[in-house]
Amino acid sequence: MSKVIENYKAVRAAFEQACVAAGRTSDEVKLLVVSKTIPVPVLMELYDSGIREFAENREPELAMKSAAMPDDIVWHFIGPVQSNKIRKVVKLAQVIHSVESLSQLERFERIAGEEGKNPQILLELNVSGEASKGGMTSAELPAAAERAAACQNLRFSGLMTMAPFEAERSELEKIFSTLKNLRDTEAVRLNIALPVLSMGMSGDFPEAIKCGATVVRIGSRIFEGIQRISK
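Keep in mind that this is a model prediction, so the values were computed, not measured.

Student: In this structure, what is going on with the layout of surface pockets? I would like to understand it.
Tutor: If a probe the size of a water molecule is rolled over the atoms, the empty space left behind becomes visible. Roughly 570 Å³ of internal volume is contained in the largest pocket. Lining the largest pocket are 28 residues; nearest its centre among them are K36, M162, F165, M201 and R217. Tallied by class, residues from the lining of the largest pocket come to 13 nonpolar, 8 polar and 7 charged.

Now the structure itself:
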C-alpha cells in the first residue's frame, strides 16, 4: 500500500470516528481532499482509489491539475481570489468556498454569466476576527447573503470559515457554532436552503463535525511525508 493511500485510510478512519462521536453519520459530512502543492501522480493514486473531489487554493495550480487529470473530477477552490483571477476560477472550479465580500460576489455573478457557468458558491466569514484571515464580518453577511440568494448565475449553498491554527478546543467550538448559527439565521430569514457548512481542517475537524460541519477540508494529514511541488 502506498504512503498516500495509507495516510488517507487513517484519516478516513479518524473522520468516521469523529462523526460517530458527534452522533452523526459519515454520509452527512464530506471529507474534501485539499490537494494544493501535491503532484498529479500522487493525486492520481487517490483518484484510482475512488476519490473524485479535490480542493486547490491557487489558480495556476488548479489550471494545471484540471488539465492533467480526468474530466469527472469536481474541483473546489478554497483560497483567496484576486480580481484578475475570478474569470479563470469560475471557468475551472465547480465549487468556490471563498467569496469574501459583496463586491466580489457581484464580480463572480457577472463573470459567471458571461462565461455561461453556474458554480456553487459559499460566503466566507472571518468569525475569529484574525487580521490574517479572509472573509466578511457577521455584520456584512446579511446584505451579501440576500444578494447571493438572488444571483442568477451562482448557486448560493452556505458558508465557510477558517479557525486559528493554535485555538483551544473551546474557542474552536465557539467559532464553528457561531458559523452554524449564522447559517441557520440566514436560511430562515431568506427562506432558502443553505445546506453547506465548510469548516474544519486537519487539526480541528472533529470539533467542526461536532458543531455541524458538512464539509471538512483535509490536506496535511493525508499528504504527510509526501514530497510537494516546489514553488
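Additional details are given in the paragraphs that follow.
Student: Would you mind going over the environment of M1 with me for this structure?
Tutor: One can find M1 in the segment before α1 (3-21). A residue is classified by how much of its surface remains accessible, and M1, at 69% relative accessible area, is exposed. With sequence-adjacent residues up to four places away left out, M1 is seen in contact with E6 and K9.

Student: Whenever I open this one, the side chain of E61 confuses me. Can you help?
Tutor: Mapped onto the elements, E61 comes out in helix α3 (residues 59-68). What makes E61 buried here is its relative accessible area of 7%. A distance of 2.5 Å separates the side chain of E61 from the side chain of K65, its partner in a polar contact. Residue contacts for E61: discarding those within four places in its chain leaves S35, K36, T37, I38, E56 and I229.

Student: Help me out: how do you make sense of helix α6 (residues 141-150) in this one?
Tutor: Residues of α6 that are buried: L141, A144, A145 and A148. Considered in projection along α6, the buried side chains sweep an arc of 100 degrees and stay on one side of the axis. Its buried side turned inward, α6 meets α5 (102-115), β5 (120-124), β6 (155-160) and α7 (169-190).

What counts, and at which threshold
Residues numbered from 1 in each chain as written. Predicted model: local features only at pLDDT ≥ 70, side-chain atom pairs only at ≥ 80, totals over all residues. Heavy atoms only, no water. 1 Å grid on protein atoms, 1.4 Å probe; cavity = no way out; pocket = protein on both sides within 12 Å on 5 of 7 lines; lining within 4 Å. Points joined across faces, edges and corners; volume = space filled by probe spheres on them. Nonpolar A, V, L, I, M, F, W, Y, C, P; charged D, E, K, R; others polar. Helix = DSSP H or I, 4+ residues; strand = E, 2+ residues; numbered from the N terminus. Buried < 20%, exposed > 50% of the residue type's maximum accessible area, 1.4 Å probe, protein only. Contact = heavy atoms within 4.5 Å. Polar contact = N/O pair within 3.5 Å; in protein donor to acceptor, adjacent residues only side chain to side chain. Arc of directions from axis to C-beta.

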